[in-house]
Structures are given as C-alpha cells and as structure tokens.
Amino acid sequence: MISFGALLGVATVALGMVLTPGPNMMYVVSRSIGQGRRAGLISLGGVAVGFVVYIVATALGLSALFAAVPELYLAVKIAGALYIGWLAWKALRPGGVSVFAPVEVEAHPPHKLFLMGLVTNLLNPKAAIMYASMIPQFLDVEAGHLFWQSVQLGAVQFCVSMAVNGALIFAAGTIAVFLSRRPSWLRIQRYVTGTLLGAIAVKLATDTSRPVPA
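Residues numbered from 1 in each chain as written. Predicted model: local features only at pLDDT ≥ 70, side-chain atom pairs only at ≥ 80, totals over all residues. Heavy atoms only, no water.

Draft legend 1. Looking closely at the packing of helix H2 (residues 23–35) against helix H5 (residues 110–122). Contact geometry for H2 and H5: axes closest at 9 Å, N-to-C directions at 160 degrees. Put simply, H2 runs roughly antiparallel to H5. Where H2 crosses over H5, the handedness of that crossing is right-handed. Together, Pro23, Asn24, Tyr27, Arg31 and Gln35 of H2 and Lys112, Leu113, Met116, Gly117, Thr120 and Asn121 of H5 make up the contact between the two elements. Here the contact of H2 with H5 is built from residues that sort into four nonpolar, five polar and two charged. (Axes fitted to C-alpha atoms, helices over the stretch in contact; angles between N-to-C directions. Helix = DSSP H or I, 4+ residues; strand = E, 2+ residues; numbered from the N terminus. Parallel < 35°, antiparallel > 145°, perpendicular 65-115°, else oblique. Left-handed = near helix turned anticlockwise from the far one by under 90°. Contact = heavy atoms within 4.5 Å. Nonpolar A, V, L, I, M, F, W, Y, C, P; charged D, E, K, R; others polar.)

Shown next, in the form of structure tokens:
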C-alpha cells in the first residue's frame, strides 16, 4: 500500500498540473464550449483511456527499471523538478491566454470525439513526462511491489484529472463568461497555480533522499 504522504504528494502535483492548461484541457473545454457538454464528456472518455495506457505502461516499465537500476531515481527526480518548474514559469509569465476563450469549432461525431481525446492524450508530452517523472518521486523502493505502487499512484492522478476536467466540462460555459468579464481573476488563477508548482519543483530539487535497492 502507498503511504498517505505519497498519496497526498501525487494528488497535490496532479492538481497543480491539471490546473495548468495543456492539450487535454484545451480539447475537452473547447468541445464543451463549442459543441456542448455531451461532446466534452465523450472527449474526456478518450482522454481517460489514454491515461490508463500510461498508467499500465509506466508501472510495467518502472517495476523493471527500478528493480534493476535504482540509481535512475536521481536522474528522473531532477527531470521531474525541471519539468514542473517549467510549468510554473508558463503559468506565471505575462501574456497568458485563457483556455476558456470562446472559439468556433467544427462539430465532430461521437467516435471522432472519443478518438481525438485519446490521441490528444497519448501524444501529449505533458502527460508522458508527468508519468515518467512524477510517479517515481513517490515510490518506496524498500517497500517493494513497485508495479502496484505505480498503479495506485497513477490511479490517484487519474481520479484528480478526471474530477477536475469533468467539473470544467460542466462549468466551461459559465467560466468563459465569468472570465471574459473579469480578466483579473484569470491572472489570480495563474499566479496561484504557478506558485504551487514552483514550490513543488523546489522541494523535489532539494530533496536528498535516495532509493535503497530491494
């Protein structure tokens, strides 16, 4: 079983990342605003399957790699800290554009919505690097069962992402109107998200813990 600290850590990082606009959020929100909530939910279904693929692939790969070469932990940790720091900068830098800005989109049938959601996630570098760099930060090598630890931690990220994106689908139209009338609120959201991610990046970069071979 994963520890409460690992669960809380993954949930915190996952929340900070999902609140930073990326391809997945942009796709499901744009579909919700332009084609309705049903289209947004179908698109999110494709994104969900993409996350399942990442969870299984990451768990299988990490189980073998960390069992054979635990020293990879340090390299992955540094990569994760750099990536999260980059996301923090993207959130804090001036000139950001709201993902909730109304746009004209071509209506897609359900099967294409699902497929596009899946492809968008599978080709999303944010998702790929997140699983490769975030999950290992919270694995307890001494506890063993790295595969199931990875699956459980991935499930935490999955639940956070689905909950936030699902809520955004239902609230996308309202949020778009709200932010169009109050641009200062968008800046506040970006600053809070960026500060949270920056703090996490610093913590990861300064963590001196090392995995112990099983």
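Next, the rest of the story.
Draft legend 2. Expanded view of the side chain of Asn24. By the secondary structure assignment, Asn24 is in helix H2. Dropping the residues within four chain positions of it, Asn24 is found in contact with Val47, Phe51, Thr120, Asn121 and Asn124.

Draft legend 3. Region of interest: the nonpolar core. If you look at the biggest cluster of nonpolar residues, it comprises 33 residues, and the most contacted ones within it are Phe51, Tyr131, Met134, Phe138 and Leu153. Listed by contribution, the elements that provide at least two residues to this core are helix H1 (4–18), H2, helix H3 (37–68), helix H6 (125–133) and helix H7 (146–181). Here the element with the most residues in this core is H7; it accounts for nine residues. (Core = buried A, V, L, I, M, F, W, Y, C linked by side-chain atoms within 4.5 Å. Buried < 20%, exposed > 50% of the residue type's maximum accessible area, 1.4 Å probe, protein only.)

Draft legend 4. Local environment of a nonpolar patch on the surface. There is a patch of nonpolar side chains on the surface, built from Val49, Val53, Phe114, Leu115, Val119, Leu122 and Leu123 and spanning about 570 Å² of accessible area. Where the nonpolar patch is concerned, the elements lending two or more residues are H3 and H5. Within the secondary structure layout, Val119 lies in helix H5. (Patch = residues over 30% accessible without salt bridge, like charges linked within 9 Å, V, L, I, M, F, W, Y side chains within 5 Å. Areas by Shrake-Rupley, 256 points an atom, 1.4 Å probe, with all protein chains shown as cover. Salt bridge = Lys/Arg side-chain N within 4 Å of Asp/Glu carboxyl O.)

Draft legend 5. Local environment of H2. Its 13 residues give H2 an end-to-end C-alpha distance of 17 Å, which sits within 8% of 18 Å, the value for a rise of 1.5 Å per residue. Along H2, the residues classified as buried are Asn24, Met25, Tyr27, Val28, Val29, Ser30, Arg31 and Ser32. Backbone geometry just after H2 places Gly36 at a positive phi near 110 degrees. (Expected span 1.5 Å × (residues − 1).)

Draft legend 6. Spatial organisation of the environment of Asn24. Classification of Asn24 as buried rests on a relative accessible area of 8%. Separated by 94 residues in sequence, Asn24 and Leu118 have C-alpha atoms that sit 9.2 Å apart.

Draft legend 7. Structural context of H5. Over its 13 residues, H5 runs 18 Å from end to end, which matches the ideal 18 Å to within 8%, given 1.5 Å per residue. Among all positions of H5, only Leu113, Gly117, Leu118, Thr120 and Asn121 are buried. What you see down the axis of H5 is that its buried residues fit within an arc of 165 degrees, all on one side. (Arc of directions from axis to C-beta.)

Draft legend 8. The packing of aromatic side chains, seen in detail. Enumeration over the complete set of coordinates arrives at one aromatic pair. Here the aromatic rings of Phe147 and Trp148 are separated by 4.9 Å at their centres, their planes lie at 85 degrees, and the arrangement is edge-to-face. Look at Phe147 and you get partly exposed, because its relative accessible area is 24%. (Phe/Tyr/Trp six-rings, centres within 6.5 Å; stacked < 30°, edge-to-face > 60°.)

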